Structures are given as C-alpha cells and as structure tokens.
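Here is how the chains run, residue by residue.
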Amino acid sequence: MAGSPASLSGQDVGSFAYLTIKDRIPQILTRAIDTLHRHKSEFFEKHGEKGTEAEKKAISLLSKLRNELQTDKPIIPFVEKFVDTDIWNQYLEYQQSLLNENDGKPRWFYSPWLFVECYMYRRIHEAIIQSPPIDDFDVFKESKEQNFFESQESIVALCTHLQELVTAIKDLDENQLKDEFFRLLQISLWGNKCDLSLSGGETSSQKINIINSLEELKPLILVNDMEHLWSLLNNCKKTREKASITRVDIVLDNSGFELVTDLVLADFLLSSQLATEIHFYGKTIPWFVSDTTIHDFNWLIEQVKSSNHKWMSRCGVDWENYIKMGKWVYHDHIFWTLPHEFCVMSQVAPDLYAELQKAHLILFKGDLNYRKLTGDRKWEFTIPFHQALNGFHPAPLCSIRTLKAEIQVGLQPGQAEQYMASEPNWLTSGKYGIFQFDGPL
Ligand code: F6P
Ligand code: MG
C-alpha cells in the first residue's frame with residue numbers, strides 16, 4: 001500500500017520473521033511429513049496400493065517444498081487447479097511486479113513474511129490435493145484433536161461455569177453481567193495462547209483452570225478496550241426494537257481449546273441478549289497448523305455434545321440447537337486463506353466485505369488476523385489502530401490477540417520501550433494480549 005511502512009520480512013536477519021522462515025516453517029513441514037508417514041498403513045487399508053503411492057507422492061512434494069525454502073529458491077506458481085489458484089498466481093505476479101528488474105524472482109527470505117508464510121500453507125494444501133485418493137487428508141487434524149483432548153479439564157471447568165451462569169443469568173444486574181462479559185472475553189483472549197504453529201505443531205494445550213488465573217493475567221493486557229465492547233453491545237440491547245437483531249461476527253482462529261472459549265463467549269452473548277445472532281468464519285483449508293475448518297468446528301461441537309460430563313454435554317446440545325435455529329451461522333470464504341491484507345478485502349472479496357458490514361461488531365481472533373488487519377508492516381508502536389487498518393472499516397471491530405509477531409500499534413508513548421527494556425521477546429512470546437477496538441464510540 002502506498003504511504004505505508006515496509007512489510008515485515010525474512011530479510012531482517014534475527015527478526016522473528018527470519019527465524020520463522022529459517023526454523024519454524026521447516027519444522028512444521030517435517031512434522032507434516034512425519035504425520036503422513038505415520039498414516040501409511042491407514043492409507044493402505046483404505047485405498048490399497050493407490051493409498052501407498054499417494055502417501056509417497058505427498059511426502060516427496062513436501063520434501064521438495066522444504067528444500068526450496070531452505071535453499072531460498074524462487075517462489076513458483078501453483079499448478080493444481082483449485083478455487084483460488086488464479087487469484088494466488090495473480091498475487092505472485094503482483095509480488096514479482098514489486099521487484100526491480102535485476103532482483104529476479106520473489107524468494108522466501110526476500111519477500112513479505114505474511115506472503116511467504118501463507119504461500120507455504122497453501123503449498124502444503126497443493127501437495128495434498130495433488131495426491132489422490134488422500135486428497136482430503138488434513139495433516140494437522142491429529143494435533144488439533146490432541147489439543148482438545150489434553151485440555152479436557154479446563155473445558156469441563158469452562159462449560160460448568162457457563163451452565164451455572166446461564167441458569168442464573170436472569171437474576172444478574174447490569175454490573176454483574178458486565179463482569180461476566182469481561183471474564184469470558186478474557187478467557188477467549190488467553191485461549192489464543194493455544195496456537196500450535198508457535199510450538200511447531202507440538203501440543204500447547206490448556207491444563208490449568210483459566211477462570212482462576214484472570215486477575216493475575218490482567219496486567220498483561222497491553223491495550224484494553226473491553227469497555228467499548230460492553231458499551232456498544234449493551235447499548236444495542238437497550239435500544240433494540242422487538243424482533244430486530246444484534247449481530248456479532250467472530251472471525252475464528254484456532255480449533256481445540258481456543259475454539260471452546262470462543263463458543264462459550266458466543267453462547268453467553270446470546271444468553272445475556274447482548275447479541276441475537278452470531279456469525280462465525282473459519283478456514284476453507286488446513287491453515288497455520290491449528291486454524292479452524294468446518295470439519296474442526298463440527299467435530300468439536302460433536303465431541304462436546306457426546307461428553308460424559310453433564311454440563312459439557314449440555315453445552316454441546318445447546319450449541320447444536322443454535323446452529324439448527326440459525327442463531328449461530330458458520331461461513332467460510334477463500335479470502336481468509338489468501339495472502340492479502342484486509343484493507344484490500346472490499347476489492348478482492350466484495351461479497352465477504354458486504355457480509356461483514358451486516359455485523360454490529362466483528363471480533364477478530366488471534367495473531368494472524370492482527371497481522372492481516374495491520375498489513376504486517378513495520379508500523380510505529382504509537383500509530384493509531386484506525387490508521388494501521390488502512391481503510392478497512394466494514395463495521396466496528398476488535399482484535400482479540402496474544403502477541404506472537406513483531407507488530408503492535410496503538411500503544412501509549414513509552415509503553416513499548418518499557419517492555420522492550422525488560423523482555424526482549426515481549427512481542428512474540430504470546431505472554432501479552434490486547435483487546436483493540438476500532439469504531440465509533
Ligand atoms: O507464524 C506466524 C504467526 O503469526 C505467529 O506469529 C503465530 O504463532 C502464528 O502465526 C499464528 O498465531 P494465531 O493462531 O494466533 O493466529
Ligand atoms: Mg491460528
């Protein structure tokens with residue numbers, strides 16, 4: 001975008017972008033290859049020799065990809081036809097057009113980090129769809145499911161909390177309702193620590209009961225616009241005419257524990273009548289290891305429903321009913337797995353932009369969404385969030401994210417320097433979080 005700062009990139013040796021391309025991404029590829037290996041006999045049982053051949057093919061394509069990356073080869077176009085192939089290849093040409101004549105082709109370490117990282121996950125998908133009959137295999141499914149199972153205790157605690165809350169909700173006064181809203185927002189924020197790409201796909205489950213840790217974690221919220229969210233939704237509730245709607249859209253991030261925290265929040269929004277409809281957005285293809293696909297969404301609700309724990313199972317039943325009644329709506333759109341920053345959404349995916357405009361509030365979960373909201377650029381820490389959004393204002397919105405990339409805007413003067421001095425990894429460790437709002441107050 002003209003007038004915006006440069007993109008984060010692997011060119012900056014030692015930066016998190018550089019370390020991601022150098023170490024984290026090859027690690028993720030190696031784990032994907034191992035996963036395919038481990039499913040060898042399953043593929044054979046299902047498809048016979050063809051399954052074995054497909055597994056070999058997918059592995060060789062992924063090994064080739066890892067080699068291209070590690071030797072900083074040019075980024076090559078996609079060959080396999082898929083719904084987004086043309087848009088992707090056009091984007092590759094666009095990246096080429098940004099280079100000078102003697103720069104050659106875009107390469108892994110010399111291109112914008114956001115672009116090459118998205119490209120890597122899209123290439124994994126290409127390797128899989130080029131390998132029928134295992135072309136619907138999700139190499140990350142196992143780790144997403146493991147994260148869910150390993151977080152069982154916390155999930156039970158959360159579901160129990162929600163059910164107790166819902167039972168008593170009519171007796172809560174406005175202040176108590178606000179406190180509960182803030183509590184569930186924070187749970188959803190810290191749920192974002194459970195992303196599997198930061199741990200190279202290794203489990204990063206939630207073992208402690210997060211509800212008891214909220215007070216302790218509060219000082220780690222660097223930007224806290226929760227009050228704005230409350231005012232907005234409480235105002236909608238008070239002024240809403242009978243039969244009209246308040247719609248909250250949640251752009252989901254990771255499956256497993258984080259998704260449970262988002263669904264708990266979504267349930268509360270309906271039960272408290274702060275909203276009357278929730279729309280969720282997930283990924284069309286496996287993405288950044290743990291991101292939610294429609295399969296993960298349905299799988300998780302089914303797991304919650306079939307739990308032996310009374311309150312957990314009750315949550316699953318309620319959630320399924322919300323979907324049946326159209327109070328919860330799931331959407332997917334290829335835009336979410338393109339490399340584009342959100343400020344171009346209205347041109348690249350006008351239908352999606354128009355859909356988001358119907359929301360009273362949009363919650364963007366997670367780090368990757370933040371990078372796309374702000375264009376993954378080297379903004380000054382004190383630049384207003386509104387400015388970094390670069391014209392992306394479909395509706396009032398809020399980023400709910402733990403910091404896992406070297407980008408943060410909207411801080412107070414001196415705030416960044418203070419963290420930098422004591423904790424060199426403050427931007428990337430996932431320890432800190434934000435609720436950053438943009439919209440009319
Ligand atoms: O690897 C890039 C990155 O944005 C990390 O910084 C982060 O660990 C991960 O991807 C995704 O995080 P999230 O699941 O919160 O979007
Ligand atoms: Mg994610």
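As annotated in an unreviewed UniProt entry, the chain carries the name Sugar phosphate phosphatase and comes from Vulpes vulpes. Per UniProt, the chain has the following entry under Sequence similarities (unreviewed entry): "Belongs to the damage-control phosphatase family. Sugar phosphate phosphatase III subfamily."

**Student:** I would appreciate a short explanation of the nonpolar core in the present structure.
**Tutor:** Among soluble globular proteins, nonpolar side chains are generally buried collectively. Counting residues in each nonpolar core, the largest one holds 145 residues, and the members touching the most others are Phe181, Trp319 and Phe392. The dominant element in this core, judged by the number of residues it contributes, is helix H5 (residues 113-129), at 11 residues. Setting aside its immediate chain neighbours within four residues, Trp319 contacts Leu162, Val260, Leu263, Val264, Asp267, Ile301, Val304 and Trp328.

**Student:** How should the packing of helix H7 (residues 152-168) against helix H11 (residues 257-271) be read in this particular structure?
**Tutor:** Orientation of H7 relative to H11, taken along the N-to-C sense of each, is 0°, at an axis distance of 11 Å. Classed by the angle they form, the pair H7 and H11 counts as roughly parallel. Contacts between H7 and H11 involve Ser154, Ile155, Leu158, Leu162, Leu165 and Val166 from the former and Phe257, Val260, Thr261, Val264, Asp267, Phe268 and Ser271 from the latter. Within the contact of H7 with H11, the residues separate by chemical class into 9 nonpolar, 3 polar and 1 charged.

**Student:** Whenever I open this one, helix H12 (residues 294-305) confuses me. Can you help?
**Tutor:** Residue pairs spaced three or four apart in an α-helix point in one direction, given the helix's 3.6 residues per turn. With 12 residues, H12 extends 17 Å from end C-alpha to end C-alpha; this agrees with the ideal 16 Å at 1.5 Å per step. Within H12 the residues assigned to the buried category are Asp296, Phe297, Trp299, Leu300, Ile301 and Val304. On its buried face, H12 sits against helix H6 (141-150), H11, strand S3 (277-282), helix H13 (310-324) and strand S4 (328-332).

**Student:** Looking at this model, I keep getting lost on the packing of helix H8 (residues 174-191) against helix H10 (residues 226-239). Mind explaining?
**Tutor:** Helix packing geometry: the angle between the two helix axes and the distance between the axes. Two elements in contact, H8 and H10, have axes separated by 11 Å at closest approach and are oriented at 130°. The pairing of H8 with H10 is recorded here as oblique in orientation. Considering how the two elements wind past one another, H8 and H10 form a crossing that is right-handed. Residues Glu174, Leu177, Lys178, Phe181, Phe182, Leu185 and Gln186 of H8 touch H10, and the partners they reach there are Met226, Glu227, Leu229, Trp230, Leu233, Asn234, Lys237 and Lys238. Among the residues forming the contact of H8 with H10, the class breakdown is 8 nonpolar, 2 polar and 5 charged.

**Student:** Please clarify how the domain arrangement of the chain should be interpreted in this entry.
**Tutor:** Domain assignment breaks the chain into domain 1 (16-130) and domain 2 (140-438). Spacing between the C-alpha centres of domain 1 and domain 2 amounts to 28 Å. Counting from both sides, the interface comprises 24 residues of domain 1 and, opposite them, 25 residues of domain 2. Surface buried jointly by domain 1 and domain 2 totals about 2,200 Å² across both partners, of which 69% is contributed by carbon and sulfur atoms.

**Student:** Sorry if this is basic, but what is going on with the layout of surface pockets here?
**Tutor:** Over the atoms, a rolled probe matching the size of one water molecule traces out where space is still vacant. Of the volumes computed, that of the largest pocket is approximately 470 Å³. For the lining of the largest pocket, the elements supplying multiple residues, two or more each, are helix H2 (40-47), H5 and H6. Ranked by the residues each element gives to the lining of the largest pocket, the list is headed by H2, at 4 residues. Its residues assigned to classes, the lining of the largest pocket shows 8 nonpolar, 6 polar and 8 charged. Both domains that furnish three or more residues to the lining of the largest pocket are identified here as domain 1 (16-130) and domain 2 (140-438).

**Student:** Quick question: what am I supposed to make of the coordination of the magnesium ion (ligand 2) here?
**Tutor:** Metal coordination angles have textbook ideals: 109.5 degrees for a tetrahedral set of four donors and 90 or 180 degrees for an octahedral set of six. Taken together, Asp253 (OD), Asn254 (OD1) and Asp291 (OD) make up the protein donors of the magnesium ion (ligand 2), found 2.1 to 2.2 Å from the metal. Between consecutive donors of the magnesium ion (ligand 2), the numbers of intervening residues give the motif D-N-x36-D. Comparing Asp253 with Asn254, the two get one shared label, buried.

**Student:** What exactly am I supposed to notice about the environment of Leu441 here?
**Tutor:** Mapped onto the elements, Leu441 comes out in the segment after strand S7 (433-438). Residue Leu441 is classed as exposed on the basis of its relative accessible area, which comes to 83%.

**Student:** Explanation requested: the pattern of salt bridges in the structure shown.
**Tutor:** Pairing between side chains of opposite charge can happen when their charged atoms approach one another. Tallied over the full model, the rule gives 30 salt bridges. Close ionic contact of Glu53 with Lys56 constitutes a salt bridge, the shortest N to O distance being 3.9 Å. With Glu53 and Lys56 both in helix H3 (residues 49-70) and 3 residues apart, this pair spans about one turn of that helix. On the accessibility criterion, Lys56 (45% relative accessible area) is partly exposed.

**Student:** Explanation requested: the site of ligand 1 in the structure shown.
**Tutor:** Taken together, the neighbourhood of ligand 1 is formed by 17 residues, with Glu117, Asp253, Asp367, Leu368 and Lys404 sitting nearest. Asn254 is positioned such that a nitrogen or oxygen atom in its side chain is 2.9 Å from an oxygen atom of ligand 1. Considered on its own, ligand 1 offers 390 Å² of accessible surface; in the complex 100% of this is hidden by protein. Element by element, the count of residues in the shell around ligand 1 is highest for helix H16 (residues 367-373), at 3 residues. Residue composition of the shell around ligand 1, grouped by class: 6 nonpolar, 4 polar and 7 charged. Counting residues domain by domain, the shell around ligand 1 receives three or more from each of domain 1 (16-130) and domain 2 (140-438).

Rules used in this analysis
Position numbers for residues start from 1 in each chain and track the written sequence from start to end. The lettering of chains begins at A and the numbering of ligands begins at 1, in the order of writing. For this predicted model, a pLDDT threshold of at least 70 governs which residues receive local features, and a threshold of 80 or more governs which side-chain atom pairs are given and counted, while totals over whole chains, interfaces and linings are taken from all residues. Only heavy atoms go into the side-chain values, all of them from the structure, while hydrogens and water stay out. UniProt positions are given in the numbering used here, feature names are shortened, and annotations may be inferred rather than shown by experiment. Only buried residues count toward a nonpolar core. Its members are Ala, Val, Leu, Ile, Met, Phe, Trp, Tyr and Cys residues joined through side-chain atoms within 4.5 Å. Think of it in three bands: residues with accessible area under 20% of the maximum for their type are buried, residues over 50% are exposed, and the middle band is partly exposed, with areas taken using a 1.4 Å probe on protein chains only. Where helices and strands are cited, they refer to DSSP runs of H or I of at least four residues and of E of at least two residues respectively, numbered from the N terminus. Contacts are residue-level and defined by heavy atoms, with any inter-residue pair within 4.5 Å sufficient. Lines fitted to the C-alpha atoms define the axes, with helices restricted to the stretch that makes contact. Angles between their N-to-C directions range from 0 to 180 degrees. The cut-offs work like this: below 35 degrees is roughly parallel, past 145 is roughly antiparallel, 65 to 115 is roughly perpendicular, and the gaps in between are oblique. We call Asp, Glu, Lys and Arg charged. Ala, Val, Leu, Ile, Met, Phe, Trp, Tyr, Cys and Pro are nonpolar, and the rest, Gly among them, are polar. Helix span, as expected, comes to 1.5 Å for every residue beyond the first. Crossing handedness: left-handed means the near helix sits turned counterclockwise from the far one by under a right angle, and right-handed means the same turn made clockwise. Either an automatic procedure or a domain database provided the assignment from which the domain bounds are taken. As a working definition, buried area equals the accessible area (1.4 Å probe) given up by two parts on being put together, with both sides summed. Cavities and pockets were defined on a 1 Å grid built over protein atoms only: a cavity is a set of grid points that admits a 1.4 Å probe from which the probe cannot escape, a pocket is an open set flanked by protein on both sides within 12 Å along at least five of seven lines, and lining residues are those with an atom within 4 Å of any such point. Grid points are joined across faces, edges and corners, and a volume is the space filled by probe spheres set on the points. Each metal's donors are the N, O and S atoms found within 2.8 Å of it, except that Na, K and Ca use a 3.2 Å limit; water is left out, so coordination can look incomplete. Note on definitions: salt bridges are taken to be side-chain nitrogens of Lys or Arg within 4 Å of carboxyl oxygens of Asp or Glu. Each residue is tested against the molecule or strand, and it is near if at least one of its non-hydrogen atoms lies within 4 Å. Here a polar contact is taken to be a pair of N or O atoms separated by no more than 3.5 Å, where protein atoms must pair a possible hydrogen donor with a possible acceptor and residues adjacent in sequence count only if both atoms sit in side chains. Computed by Shrake-Rupley with a 1.4 Å probe, the accessible areas treat only the displayed protein chains as cover when residues are assessed.

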